[in-house]
Amino acid sequence: MQLDAKIPAGPIADKWDSHRFDVKLVNPANKRKFSVIVVGTGLAGASAAATLGELGYRVKAFTFHDSPRRAHSIAAQGGINAAKNYHNDGDSVFRLFYDTVKGGDYRSREANVYRLAQVSGEIIDQATAQGVPFAREYGGLLDNRSFGGAQVSRTFYARGQTGQQLLLGAYQAMARQVHEGSVDLHTKSEMLDLVTEGGRAVGIVTRDLGTGEISSHSAHAVVLATGGYSNAFFLSTNAKACNVSAIWRAHRKGALFANPCYTQIHPTCIPQSDDFQSKLTLMSESLRNDGRIWVPVEADDERPPNEIAEDERDYYLERRYPAFGNLVPRDVASRAAKGMIDAGLGIGPRRNGVYLDFATAIGRLGRDAIEAKYGNLFEMYANITGEDPYAVPMRIYPAPHYTMGGLWVDYNLMTTVPGLYAIGEANFSDHGANRLGASALMQGLADGYFVLPNTISDYLAPLLGVQPPPTDHPAFTQAVADVTGRVDGLLAVKGTRTVDWFHRQLGKILWDYCGMARNRAGLEKAISEIRALREEFQTDVRVLGGGETLNLSLERAGRVADFFELGELMCRDALYREESAGGHFREEHQTDEGEALRDDDRFAHVAAWGWNGPDRDPSLTVEQLQFEHVKLAQRSYK
Amino acid sequence: MDLTLKVWRQDGPQDAGRFETYSAESISEDMSFLEMLDVVNERLVEEGTEPIAFDSDCREGICGTCGLMIDGQAHGPQRATATCQLHMRSYRDGDEITIEPWRAAAFPIMKDLVVDRSPFDRIVEAGGFITAPTGSAPDANLIPVPKEDSDLAFEAAACIGCGACVAACPNGAAQLFTAAKLAHLNLLPQGQPERYQRTEAMVDEMESYFGSCTNHGECQAACPKDISIDFIALLNRDYGKAKFSGRRKRAD
Ligand SMILES: Cc1cc2nc3c(=O)[nH]c(=O)nc-3n(C[C@H](O)[C@H](O)[C@H](O)COP(=O)(O)OP(=O)(O)OC[C@H]3O[C@@H](n4cnc5c(N)ncnc54)[C@H](O)[C@@H]3O)c2cc1C
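Participant: I'd like to hear about the domain arrangement of chain A, residue by residue, with values.
Facilitator: All names here are of chain A. Looking at the assigned domains, one finds that chain A contains domain 1 (265–400) and domain 2 (474–600). A straight line from the C-alpha centre of domain 1 to that of domain 2 covers 30 Å. Listed as interface residues are 14 residues of domain 1 and, on the opposing side, nine residues of domain 2. Both sides together, the interface formed by domain 1 and domain 2 hides about 910 Å², and carbon and sulfur atoms give 58% of it. Together, Ile265, Arg335 and Lys338 form the three largest contributors to the area buried by domain 1 at its contact with domain 2, with a combined 51%. For the pair domain 1 and domain 2, the number of links is zero salt bridges. Here domain 1 is connected to domain 2 by five residue pairs in polar contact (both at pLDDT 80 or more). Elements with a contribution of two residues or more to the side of domain 1 that touches domain 2: α9 (330–342) and β15 (394–403).

Participant: Residues and numbers for the interface of chain A and chain B, please.
Facilitator: Tallying the contact residues gives 75 residues for chain A and 72 residues for chain B. Taken together, both faces of the contact between chain A and chain B bury some 6200 Å²; the carbon and sulfur share is 52%. When the area that chain A buries against chain B is broken down by residue, the three leading residues are Arg70(A), Arg136(A) and Asn383(A), summing to 11%. Arg117(B) is the salt-bridge partner of Asp66(A), the closest N and O atoms lying 3.2 Å from each other. Applying the counting criterion to the chain A and chain B interface returns 41 residue pairs in polar contact (both at pLDDT 80 or more). Of all the secondary structure elements, the ones that give two or more residues to the side of chain A that touches chain B are α3 (43–55), α5 (110–130), α6 (162–180), α11 (367–385), α12 (440–460), α14 (499–514) and α16 (552–576) of chain A.

Participant: Could you give an account of the side chain of Asn383(A), with specific residues and numbers?
Facilitator: You can see Asn383(A) is positioned in helix α11. Using a relative accessible area of 14% as the deciding quantity, one classes Asn383(A) as buried. A distance of 2.8 Å separates the side chain of Asn383(A) from the side chain of Gln78(B), its partner in a polar contact.

Participant: Go over unusual backbone geometry, please, and point to the residues and values.
Facilitator: Residues and elements named next belong to chain A. A positive phi angle, close to 55°, is found at Asn88, a residue other than glycine. Note that Asn88 resides in the loop between β3 (80–81) and α4 (93–103). Asn88 gets classed as exposed once you look at its relative accessible area, which sits at 67%.

Participant: I'd like a description of the nonpolar core, backed by residues and values.
Facilitator: Residues Ile80(A), Ile456(A), Phe33(B) and Met36(B) are the most contacted members of the largest nonpolar core, which totals 226 residues. With 36 residues, the next largest nonpolar core counts Tyr321(A), Tyr374(A), Leu377(A) and Met394(A) among its residues.

Participant: Describe in detail the packing of helix α15 (residues 520–540) of chain A against α16(A), supporting the description with residues and values.
Facilitator: The description of two helices packed together rests on the angle between their axes and the distance between the axes. Residue and element names in this part refer to chain A. Axis separation between α15 and α16 bottoms out at 9 Å; the angle between their running directions is 160°. If you check the angle between α15 and α16, you find them roughly antiparallel. For the pair α15 and α16, the crossing hand works out as left-handed. Of α16, the residues touching α15 (which contributes Arg520, Leu523, Glu524, Ala526, Ile527, Ile530, Arg531, Leu533, Arg534 and Phe537) are Ala557, Val560, Ala561, Phe564, Glu565, Gly567, Glu568, Cys571, Arg572, Ala574 and Leu575. Of the residues belonging to the contact of α15 with α16, the class tally is 13 nonpolar, one polar and seven charged.

Participant: Lay out the packing of aromatic side chains with the relevant residues and their values.
Facilitator: Summed over all chains, the structure comprises 30 aromatic pairs over all chains. Judged by centre distance (5.2 Å) and plane angle (55°), the rings of Phe537(A) and Phe564(A) are tilted. You can see Phe537(A) sitting in helix α15 and its partner Phe564(A) sitting in helix α16, a full 27 residues away along the chain. Residues Phe537(A) and Phe564(A) agree in their burial class; the two are buried. When the centroid spacing of 5.4 Å and the interplanar angle of 80° are considered together, the rings of Tyr576(A) and Phe603(A) count as edge-to-face. Here Tyr576(A) is found in helix α16, whereas its partner Phe603(A) is found in helix α17 (residues 600–603), with 27 residues between them in sequence. Residue classification places Phe603(A) among the buried residues on the basis of a relative accessible area of 2%. Over the aromatic face of Trp8(B) sits the side chain of Arg103(B), whose NZ or CZ is 4.2 Å from the ring centroid.

Participant: Run through α14(A), naming residues and quoting values.
Facilitator: Here α14(A) is 16 residues long and its end C-alpha atoms lie 21 Å apart, about the 22 Å a rise of 1.5 Å per residue gives. All of the buried residues in α14(A) are Val499(A), Asp500(A), Phe502(A), His503(A), Leu506(A), Gly507(A), Ile509(A), Leu510(A) and Cys514(A). Close packing links the buried residues of α14(A) with α15 and α16 of chain A together with α1 (33–47) of chain B.

Participant: Residues and numbers for the domain arrangement of chain B, please.
Facilitator: Residues and elements named next belong to chain B. When cut into domains, chain B gives domain 1 (3–111) and domain 2 (117–251). For domain 1 versus domain 2, the distance between C-alpha centres works out to 30 Å. Each side of the interface is counted separately: domain 1 has 19 residues, and domain 2 has 18 residues. Counting each side, the surface lost to burial between domain 1 and domain 2 is near 1400 Å², with a carbon and sulfur contribution of 60%. Run the count over domain 1 and domain 2 and you get two salt bridges.

Participant: Go over the sheet that holds strand β14 (residues 354–357) of chain A, please, and point to the residues and values.
Facilitator: Residue and element names in this part refer to chain A. The sheet built from five strands is open, its strands ordered β11-β15-β14-β12-β13 with antiparallel pairing. Looking at strand neighbours, the two that pair on one side only are β11 (263–269) and β13 (313–314), the edges of this open sheet. One ladder, built from five bridges, connects β11 with β15; its direction is antiparallel. Paired with Gln264 across the strands is Tyr402, a residue of β15. Packing against the sheet, α9 makes contact with β11, β12 (292–296), β13, β14 and β15, and its axis sits at approximately 65° to β11.

Conventions and cut-offs
Residues numbered from 1 in each chain as written. Chains lettered and ligands numbered in written order. Predicted model: local features only at pLDDT ≥ 70, side-chain atom pairs only at ≥ 80, totals over all residues. Heavy atoms only, no water. Domains from an automatic or database assignment. Contact = heavy atoms within 4.5 Å. Buried area = accessible area lost by both parts, 1.4 Å probe. Salt bridge = Lys/Arg side-chain N within 4 Å of Asp/Glu carboxyl O. Polar contact = N/O pair within 3.5 Å; in protein donor to acceptor, adjacent residues only side chain to side chain. Helix = DSSP H or I, 4+ residues; strand = E, 2+ residues; numbered from the N terminus. Buried < 20%, exposed > 50% of the residue type's maximum accessible area, 1.4 Å probe, protein only. Core = buried A, V, L, I, M, F, W, Y, C linked by side-chain atoms within 4.5 Å. Axes fitted to C-alpha atoms, helices over the stretch in contact; angles between N-to-C directions. Parallel < 35°, antiparallel > 145°, perpendicular 65-115°, else oblique. Left-handed = near helix turned anticlockwise from the far one by under 90°. Nonpolar A, V, L, I, M, F, W, Y, C, P; charged D, E, K, R; others polar. Phe/Tyr/Trp six-rings, centres within 6.5 Å; stacked < 30°, edge-to-face > 60°. Lys NZ or Arg CZ within 6 Å of the ring centre and 35° of its normal. Expected span 1.5 Å × (residues − 1). Pairing = 2+ DSSP bridges.

The following block contains the structure:
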């Protein structure tokens, strides 16, 4: 297979404009003749469904949540980037573009990232018009803060609840379309398969999570906005229900999966406290604006942190990266923390953390100022740990957080299956090998509000007058039979171990061998262990209850089954990529100082994998990346 | 610590339901309440009993998915805390804990501790938005918003839609939920053009599902986000104005 990214010709600053001029349009009166399925109603999906509905398309939106407002986007804390340059501190579209490409360790597609930076400002305008209560200064204008990997203040925020407020904005815009009748919303409906016909995406099969009813839905195009797959690790900062099944099912139907090994481990999460921990809680990156990270100079220092004198502390990020200090990108900060803990310098009861200390900031700005900025995060921390972060430093440790990999998409955000689009965290597009903080909200909303609604007509326009196959077409009945077979199969195993047990085992394998540091032997071991565990799952998982009611174990079992296949592909991709780039750190490839060492001659490309069956090797197709505007360089934050 | 749980079990919407007693053993105080239930569920499955169905997702207190009546209190004993953020250090060895679903006419039970809260979405669909089609927005700094107004709007907007206010209300009213959304939008300059129309539509929709507010104030006490009942006063005032101007329009 050849991958054509469909990058428009011409100077980078003009590509998006000229592309919008070149795409085929559907005239306003004809839009209602087209139906579009949007799976997922997080930031990406809700913004897309709302906008497509406003344009006049007939939209069917699906979420497995009981309300769109519960999507995982709601949990995003710190903020959203935009090149507004409201602070006159040297920001520009080009700088946001440059920072994002560099932050991604030169593994993203320049044209997409440039467009992202171009539309970033409009997102802030749009959200403000919807009533998103962004933080303001006393003069009434919008406030900004800084995030990692940038030396300007371009992050807009709503206390520590930016994702919540942006999602409510998008959800409410979609609710208006539901009211108008242009969006038909299906909650508690989980997509369990993609339906293709003649090589095109024509619909989906869903299961109603309340009644267990399996149904088919057909449309002219299908958009997947189903989020990321960090929960492959079991313990992550993602909501419990986040999963890979929608894009994995699409992958099995022909959509190539790009860079699955690019996973982001976030440096500031609350460390695991016991073996029953169900998830890890993020402490927003924004805290690194005012918090200072340190460990004791001596290993196994048992004293409480406040008794350790200044000269007995190692503020290792400030020491190693004076230019960016505590605000180095996430991959760099996470690896540095791992290094400290591996060297025996970890703190806390399990020796599994480093300190994030606000004493200096509280001294300088006062407790009230810190409370106004981060109050809800401090409260959450106190709730979870039982410690008061105003009085003692927070304990933090890296945790799986975000996945840069996802379905391969072209400049139009279409996957390799015609008519199938992927937006938001579900696609691979803009973050290369490492995402900068506050850029996921930006990308999800760019895709949903501004990109997809402008590109989808290019695919739809030639289909005017063509009806998608009806739901009694064999393509649908076959997909329904497959789904029913899978559901019944899981219920029929009647083994001895719970779904969560298997998921924890899988997570541990991935964390140990495909986490913050990877090497050949470990990855090979992981692949064989995952295969063995998958076989055990198929013969020994225990899912009680039936398929015709609400059955949470059954839902989870289906998702974990897909995580096994994905987990293996993550390891294969990590094994293939014999370089270190961003979040992907191969121990064999590092500089003398332990920084990631890329191999641009061999790997300045996207690795897109094709499905060949559960027991056959996947096939690899590469998209060569061209860097014409950003010079490839060893990243330096010193 | 070891605990005894009395848990509401109900096979489906039509089932009558009953309490079952389970023991929760070797629970650590660092666990969250839901992790304690996870442990109980793992054991139930091992014993061949169907696990207790309960809703949760982010487990960070922001998605609003979880919500249990714990010893008769919505989200349990800790003030301004969602169930998922309640930790077992609030309990002592030997405690007996009663766990029920939200009980409200507008929230039918789907199974065990899971209820259907979709009427909240209907209220938002009726008018809980500012009409601003994508692409039509002016520059974000064109309309300065006084910081106090924007902060107050934010406090209302912090509602997580969990339904604790309804479950805690003796009348099963949804005034606090509706008032929070109205205050968020009605306090901002962007929300002014549709202010009264929005208020009327949302309140009327609310009344078609939920009971009436008689100022018990239980909603505020149960709210995990500490949303103030003062917003209900704003709702009442705006609703009065909306009805008044509506009557005037009809009379013209
Ligand atoms: C704790 C935390 C904090 C974060 N903070 C920030 C931040 O400050 N700034 C930033 O830029 N980014 C942040 N991120 C990242 C960002 O929140 C996410 O990348 C982004 O919100 C993803 O949005 P999405 O719309 O792609 O997916 P999601 O919000 O995950 O939505 C997925 C949707 O798909 C639906 N779905 C999934 N599968 C199916 C299926 N099979 N059938 C039906 N429906 C399905 C779900 O119901 C849901 O509606 C944070 C992430 C976490 C975990």
